[in-house]
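# Summary of structural features
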Amino acid sequence: MDISVVIPLYNEEESLPELFAWIQRVMNEHHFSYEVIFVNDGSTDRSWEVIEKLAAQHEQAKGIKFRRNYGKSPALFCGFAKAQGDVVITMDADLQDSPDEIPELYRMITEDGYDLVSGYKKKRYDPLSKTLPTKLFNATARAVSGIKNLHDFNCGLKAYRKEVIKNIEVYGEMHRYIPYLAKNAGFAKIGEKVVQHQARKYGVTKFGLNRFVNGYLDLISLWFLSKFGVQPMHIFGFLGSLMFVLGFLAVVGVGAHKLYAMYNGLPYILVTDSPYFYLALTTMILGTQLFLAGFLGEMIARNSSERNQYQIEKEL
């Protein structure tokens, strides 16, 4: 099979027939073999009934129904597990992503050799309250991930080589950082294509400002796990040792200051009356705790069943 189209959705009953007909027209024009996998993320409208009707009428239409709303990442994860196409395309169900982009995305994967191609909605039909935070979010994601050529990490329209989606795990709300997940899995050839952004035709946006807060927290988590997830001692052990040494030197400094004052007949106070002594002691205690946290993390990592899972591209 040439292409699998994975479409996560939540309350998009009006747009589904039009979207499938659009995809069907594009696929037939270019003679692609394909499947369209709708992942119904706990919709409360008639979305699943529409999907059932499409599946009964067209063998290419398939569906997955969640009992409740889990989120976009679980929907993509289940869609990826079911996908059989050599190239996997993801898009949103609200008709803001154009299926006319599919042939060029497919060509970039199959002919140009990209592992992943992300859409870039250069001209958007969104309010300023959404576009400005999006620009800041993407700038931060580029800096942290090191993927400098992507302008829109969160664009729903993406194309993947099949091997990519079978070797990454999309969980939580990590769908925003699939390019980063792919890079960490060893799929480094990541490209971008300027795509058309359509104004929403049906329904209401699912956008909320809380996604930016969650997005930054997820980005920090992903960065930390990619850097220190396998060897946590490298960060906790280093910081703990540094704090302990600084605290110890401060304690020595407080004691040396008292001895100097005593030796030269100068006024002095008890070591335990000095606030610097307690600051130094607290620093030593925190350093010890960080070191122990790193040690425990290292023990957990060493006993993990995934500690020796590596991405092997070829084997002779």
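Scroll up for the structure.
What you see as residue numbers is a count from 1 along each chain, following the sequence as written. With the structure being a predicted model, the display of local features is reserved for residues of pLDDT at least 70 and the display and counting of side-chain atom pairs for 80 or more, all residues being used for whole-chain, interface and lining totals. Computation of side-chain values: all heavy atoms of the structure, hydrogens and water removed.

## Description of the pairing of strand β5 (residues 116–120)
Both faces of the sheet carry side chains from a regular strand, because those side chains alternate between them. The condition that has to hold: Think of it in three bands: residues with accessible area under 20% of the maximum for their type are buried, residues over 50% are exposed, and the middle band is partly exposed, with areas taken using a 1.4 Å probe on protein chains only. Helix numbering and strand numbering both begin at the N terminus, where a helix is a DSSP run of H or I of at least 4 residues and a strand a DSSP run of E of at least 2. We treat two strands as partners when DSSP finds at least two bridges between them.
Across the 5 residues that make up β5, a large majority, 5, are buried. Bridge count for β5 against strand β6 (residues 158–161) is 3 bridges, and the pairing is antiparallel. Residue pairing for β6: serine 118 is matched across the bridge by lysine 158. In the sheet, β5 pairs with strand β7 (residues 190–194) via 5 bridges, with the strands oriented parallel. Bridge pairing in β7 links leucine 116 to isoleucine 190.

## Remarks on helix α2 (residues 47–57)
For clarity, the cut-off: Of all possible arcs, the one meant is that of the directions from the helix axis to the C-beta atoms.
All buried positions along α2 are accounted for by Ser47, Trp48, Val50, Ile51 and Leu54. Down the axis of α2, the smallest arc covering the buried residues is 155 degrees, so these residues share one side. Exposed side of α2, more than 90 degrees from the buried face: Lys53, Ala56 and Gln57 are the residues found there.

## Concerning the packing of aromatic side chains
Cut-off, in case you're wondering: For Phe, Tyr and Trp, rings pair up if their centres lie within 6.5 Å, where Trp contributes its six-membered ring, and each pair is then called stacked (planes under 30 degrees apart), edge-to-face (over 60) or tilted (otherwise). In this analysis the charged atom, NZ for Lys or CZ for Arg, is taken to sit over a ring once it is within 6 Å of the ring centre and within 35 degrees of the ring normal.
The tally for this structure, following the rule as stated, stands at 5 aromatic pairs. Each ring, one from phenylalanine 20 and one from phenylalanine 38, has its centre 6.4 Å from the other, and the planes form 45 degrees; the classification is tilted. Residue phenylalanine 20 is located in helix α1 (residues 16–29), and its partner phenylalanine 38 is located in strand β2 (residues 34–40); the two are separated by 18 residues in the primary sequence. Residue class for phenylalanine 20 comes out buried when judged on its relative accessible area of 1%. Overall, phenylalanine 38 belongs to the buried group, its relative accessible area being 0%. Between the aromatic rings of phenylalanine 66 and tyrosine 70, the centroid separation amounts to 5.3 Å while the plane-to-plane angle is 90 degrees, which identifies the pairing as edge-to-face. One Lys or Arg, lysine 189, reaches over the ring of tyrosine 114 and ends 5.3 Å from the middle of that ring.

The analysis is restricted to geometry; functional conclusions fall outside its scope.
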